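Structural description and commentary
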Amino acid sequence: MSYDNFWTDKDQVYKIHVRGTFNKGDHYDSEAIYLLYAPTMYHEFEEVIAATNLFYFRAGEELFKVGEHSYPEKTIVADSLYIRTMGIPMISGDPEALKVAENIYVSEASATKAFGTLDVVGQKVVKDEQVLTIAGVMKDIPENSHLKYDVIMSLKNQIGDWNPGWDQTDAFNGYIKVAPGTNIEALEAKIPEMMRRHYDVDAEIAKGVVKTFYLKPVTSLHSGTPQVRQMALILSVLAFSLLFAAALNYVLISISSMAARAKVVGIHKCNGATGRNVIRMFIRESGVLLVISLLLAVLLIYVFRGPIEVLIKNPLSAIFSRDNFWVISCVVGILFVLTRYIPAWIFAAVPVTHIFRSYADNKKGWKRILLFIQFSGVSFMVTFLAIIYFQYQMVLNQNIGYSMDNLVFSSGLYTIFQEQMETVKTEFFHLPEISNISQSHLPHRFLSGNSVTHAETGEALFTGRAMYADKHTLETLGLRLLYGRNLSDHSFTNNEVLINETCARMLNVEDPVGYTFLFWAEGRKHTVVGVVEDFQYQSLFEEIPPVILVPEYLPVIVAKLNVPVTPLLMEKLNDLLRKHTNNEQSEFFVLQDEYELRYYDTKLFRNSVIISSVIMLIITLLGLIGFVQDEVGRRQKEIAIRKVNGAEAFNILILLSRDVAFIAVPAVILGLIFSYFVGTEWLQQFMVKIPLGIVLFGLSCLSVLTILQVCVVMRSWKVAMENPVLSLKSE
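These remarks concern the structure in this document. (Residues numbered from 1 in each chain as written. Predicted model: local features only at pLDDT ≥ 70, side-chain atom pairs only at ≥ 80, totals over all residues. Heavy atoms only, no water.)

1. A short note on the overall build of the protein chain
A count of helical and extended segments in the protein chain gives 24 helices and 23 strands. Principal-axis analysis of the C-alpha atoms places the extent of the protein chain at approximately 105 × 60 × 55 Å. The burial tally for the protein chain puts 47% of its 731 residues in the buried class. Within the structure as shown, the protein chain displays about 35300 Å² of accessible surface, and the carbon and sulfur contribution to it stands at 59%. Charge separation in the protein chain, taken as the distance between the mean sites of 64 positive and 73 negative side-chain charges, equals 15 Å. (Helix = DSSP H or I, 4+ residues; strand = E, 2+ residues; numbered from the N terminus. Buried < 20%, exposed > 50% of the residue type's maximum accessible area, 1.4 Å probe, protein only. Areas by Shrake-Rupley, 256 points an atom, 1.4 Å probe, with all protein chains shown as cover. Lys, Arg positive; Asp, Glu negative; His and termini not counted. Charge placed at Lys NZ, Arg CZ, Asp CG, Glu CD.)

In structure tokens:
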């Protein structure tokens, strides 16, 4: 929730977003905008004191080389005003040096890794056989940033002096910095007039396209998203449940020990202790336990540092920072207050006369309420875990409309031309392990979009996603052709395309085969030759959009293997790829692995809930054991008399189990209801969801009740089997 709070003048920095609507109701909301908007706002609006563009399609890990040493770095591509706009502190160098295409900036960490010093201005590095000059060193970007990088390359290096215009190629991210006190709504209201000054907006509206640009505070880009807010809320509920259950459990066990400790308190009072003295005694005891607990927690966090950092996707230093210390202090303080006063107050109220006789606390209300809360908590945890587990299994095994089995794809081939690519593909075709090969986009990756326009009227119909493909794409990916025909060798010159079912429905024509429309380039007509079955786009978090399979050159190899993927086979494929492309960055990846990365956050969340559920169950069982032990001690003579009058051990177990069941059944049902609402909220992020039916909740309920009753039976078995004479002989 503290993402992006570190930027200099963070409250003045905004990102430009765009909403678009079309005649047929299609709409989108995107951070990808056009090149000219940010710089034009800087030049024409006095409120905008700086603006910058980032290249949307080049943000990720790049391979750099110093001498013979190669190393990867997270890289973004930005223009020369990026440093001034975002307020990045520079250690050395010119903050506007990115005006030169060959200049780059590196972070402190990157400079130290590559050269062992921060004095690197003027040093050379190599990327894709291009020599680049380090023109500045900047402060490291904190982990809690929506932009994570260690190298900034010049935008000129990627696009040169290319100017795609005002309404073409939405391939950039635009940021602006406004003057203090700027009215953002008033500034947004000026954007439409700026657009009208530079291109024919009315003509675009006449075609059915309406674009609205708005500004989003940089501090809300991460923490303001629905997914992050939802995850923070759910994790907070889990954390509160664990902390509250642990505190209640301590109180419950303390109260359950009343009979055993009443005489000790009575002796203290006989020797002159007041109620206040008794309270202080138990407060000191709670304080000692809390200190021991904190030391153990520190030890556990240190021992399991690796798994914890994987789970939270951040180093521990980012969590246990000076800025966050107040959170830990508040949690510890609240726990201390909660766990010290309730037991201390109850024990201080024990009468002195109880030193002379056995003390059996019959006030079960405390214990029943605490147990009820714990039973509800464990029921919620277990059921919510079941929802997450089955949803995660479903997204990994869902029919997504294409096959990922033994499918690999390449990267690092952007310097390869089509003639050389044909040679490379021929070499791979000769391998016995490869059954098919194509050059195409992959459905799990982001596909660029453009408007589908009526060929005769020029009316914008909707936004379609462009998926580059060839005649081998369907067979390689396992896509199903519903009707029409496949692409051919002549599809590129004839402007022939395939479309998915969603696109066919949105065209709203009786037979889309043979239908022509404008797409991708103004004035270029495309003819539909076939319709393929819908396949999942990106992940199950996304709706299936209209997709157009366009025969265009793409420097990517997608290979279907007829044998299982093994590390040895991947090494063989990579060696061959690097040999024929003469590029050390060329590499094959396994599609199944990349697809599962889409659900990495879901997997981590599942693991968090598993850990929480196990801890919650242990806490609850400890509290239940304390309750049963106290009940057995309090009712020991009653149980003995029942046995003397003919009760069997089974009857005694039923008696004790029934008492717990009266608490457990309504508590478990309450936990199920709570898990239903939280589970429903969590599932909203998925387009395809598991059904929350009676079977899932019934099995969860049965599982929790069974565990609780087994615990009761195991703890009360001894007294149920005990000779009643042993309990009555003291009377």
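2. What about the packing of helix H22 (residues 649-683) against helix H23 (residues 694-721)?
Interhelical geometry of H22 versus H23 gives an angle of 150° and a closest axis separation of 8 Å. It follows from the interaxial angle that H22 and H23 lie roughly antiparallel. The two elements H22 and H23 meet at a crossing, and its hand is right-handed. Residues of the contact of H22 with H23, tallied by class, amount to 21 nonpolar, five polar and no charged. (Axes fitted to C-alpha atoms, helices over the stretch in contact; angles between N-to-C directions. Parallel < 35°, antiparallel > 145°, perpendicular 65-115°, else oblique. Left-handed = near helix turned anticlockwise from the far one by under 90°. Nonpolar A, V, L, I, M, F, W, Y, C, P; charged D, E, K, R; others polar.)

3. A closer look at the nonpolar core
In terms of nonpolar packing, the biggest core is built from 99 residues, with Phe-375, Phe-384, Ile-499, Phe-517, Ile-548, Leu-549 and Leu-624 touching the most fellow members. Counting residues per element, this core draws most heavily on helix H13 (residues 365-397), at 14 residues. Setting aside residues no more than four positions away along its own chain, Ile-499 makes contact with Ala-504, Leu-507, Pro-512, Phe-517, Val-528, Gly-530, Val-531, Val-532, Val-547 and Ile-548. (Core = buried A, V, L, I, M, F, W, Y, C linked by side-chain atoms within 4.5 Å. Contact = heavy atoms within 4.5 Å.)

4. Topic: the packing of aromatic side chains
Aromatic ring pairs are reported here in terms of the distance separating the ring centres and the angle at which the planes meet. Using the criterion set out here, one finds 25 aromatic pairs in the structure. For the ring pair Phe-55 and Phe-172, a centre distance of 5.5 Å and an interplane angle of 35° mean the geometry is tilted. On the criterion of sequence distance, the pair formed by Phe-55 in strand S3 (residues 48-55) and Phe-172 in strand S11 (residues 172-178) is long-range, its members being 117 residues apart. Each member of the pair, Phe-55 together with Phe-172, is buried. For the ring pair Phe-409 and Phe-589, a centre distance of 5.9 Å and an interplane angle of 35° mean the geometry is tilted. Separated by 180 residues along the polypeptide, Phe-409 in strand S13 (residues 407-411) and Phe-589 in strand S23 (residues 587-590) bring together distant segments of the chain. For Phe-409, a relative accessible area of 2% gives the class buried. Among the aromatic residues, those joined into a cluster by ring pairs are Phe-380, Phe-384, Phe-541, Tyr-595, Tyr-599, Phe-605, Phe-674, Trp-682 and Phe-686. In this arrangement the basic side chain of Arg-19 is found over the ring face of Tyr-214, its NZ or CZ atom lying 3.9 Å from the centre. (Phe/Tyr/Trp six-rings, centres within 6.5 Å; stacked < 30°, edge-to-face > 60°. Lys NZ or Arg CZ within 6 Å of the ring centre and 35° of its normal.)

5. With respect to the pattern of salt bridges
Counted under the stated rule, the structure contains 20 salt bridges. Among the ionic pairs, Arg-445 bridges to Glu-594, the shortest N-O distance being 3.4 Å. Here Arg-445, found in the loop between strand S14 (434-438) and strand S15 (449-454), pairs with Glu-594, found in helix H19 (residues 591-597); they are 149 residues apart in sequence, far enough to count as distant. Residue classification places Arg-445 among the partly exposed positions, given a relative accessible area of 35%. One network of salt bridges, with partners in common, ties together Arg-84, Glu-96 and Lys-99. (Salt bridge = Lys/Arg side-chain N within 4 Å of Asp/Glu carboxyl O.)

6. Here's the deal with the sheet that holds S13
The four strands lie next to each other as S14-S22-S13-S23, forming an open sheet whose pairing is antiparallel. Each of the sheet's edge strands pairs with one partner strand only, and the pair in question is S14 and S23. Strand-to-strand twist in this sheet, taken as the mean axis angle between neighbours without regard to direction, amounts to 25°. Strands in contact with helix H14 (residues 418-429) are S14 and S23; relative to S14, the strand with the most contacts, it is inclined by about 165°. Sitting on the sheet, helix H18 (residues 567-581) is in contact with S13, S14, strand S22 (558-561) and S23, with an inclination near 145° to S23. (Pairing = 2+ DSSP bridges.)

7. A look at H18
Here H18 is 15 residues long and its end C-alpha atoms lie 21 Å apart, about the 21 Å a rise of 1.5 Å per residue gives. For H18, the elements touching its buried residues are S13, H14, S14, S22 and S23. Just past H18, the residue Asn-582 takes up positive phi, approximately 55°. (Expected span 1.5 Å × (residues − 1).)

8. Re the environment of Phe-282
Mapping Phe-282 onto the fold places it in helix H9 (residues 275-303). Residue classification places Phe-282 among the buried residues on the basis of a relative accessible area of 4%. The sequence separation of Phe-282 and Thr-40 amounts to 242 residues, and the corresponding C-alpha distance is 69 Å. Beyond its immediate sequence surroundings of up to four residues, Phe-282 is in contact with Arg-261, Val-265, Ala-344 and Phe-347.

9. Things to note about the side chain of Ser-80
Note that Ser-80 resides in the loop between strand S5 (69-78) and helix H2 (82-86). Note on Ser-80: relative accessible area 16%, which makes it buried.

10. A closer look at the side chain of Asn-53
Structurally, Asn-53 is set in strand S3. When residues no more than four places from it in sequence are discounted, the contact partners of Asn-53 are Leu-35, Ala-38, Pro-39, Val-77, Ala-78, Asp-79, Leu-155, Phe-172, Asn-173 and Gly-174.

11. Some details on unusual backbone geometry
In this model, Asp-9 sits at a positive phi of 55°, which is unusual for a non-glycine residue. Here Asp-9 lies in the segment before strand S1 (13-21).

12. Remarks on the packing of H9 against helix H12 (residues 325-348)
Geometry of a packed helix pair, given as the angle between the helix axes and the separation of the axes. At their nearest, the axes of H9 and H12 sit 8 Å apart, and the two run at 145° to each other. Handedness of the crossing formed by H9 with H12: right-handed. Here Gly-275, Val-278, Ile-279, Phe-282, Ile-283, Ser-286, Gly-287, Leu-290 and Leu-294 of H9 lie close against H12, whose contacting residues are Val-332, Phe-336, Thr-339, Arg-340, Tyr-341, Ala-344, Phe-347 and Ala-348. Looking at the contact of H9 with H12 residue by residue, the class counts come to 12 nonpolar, four polar and one charged.

These figures come from the coordinates and say nothing about function on their own.
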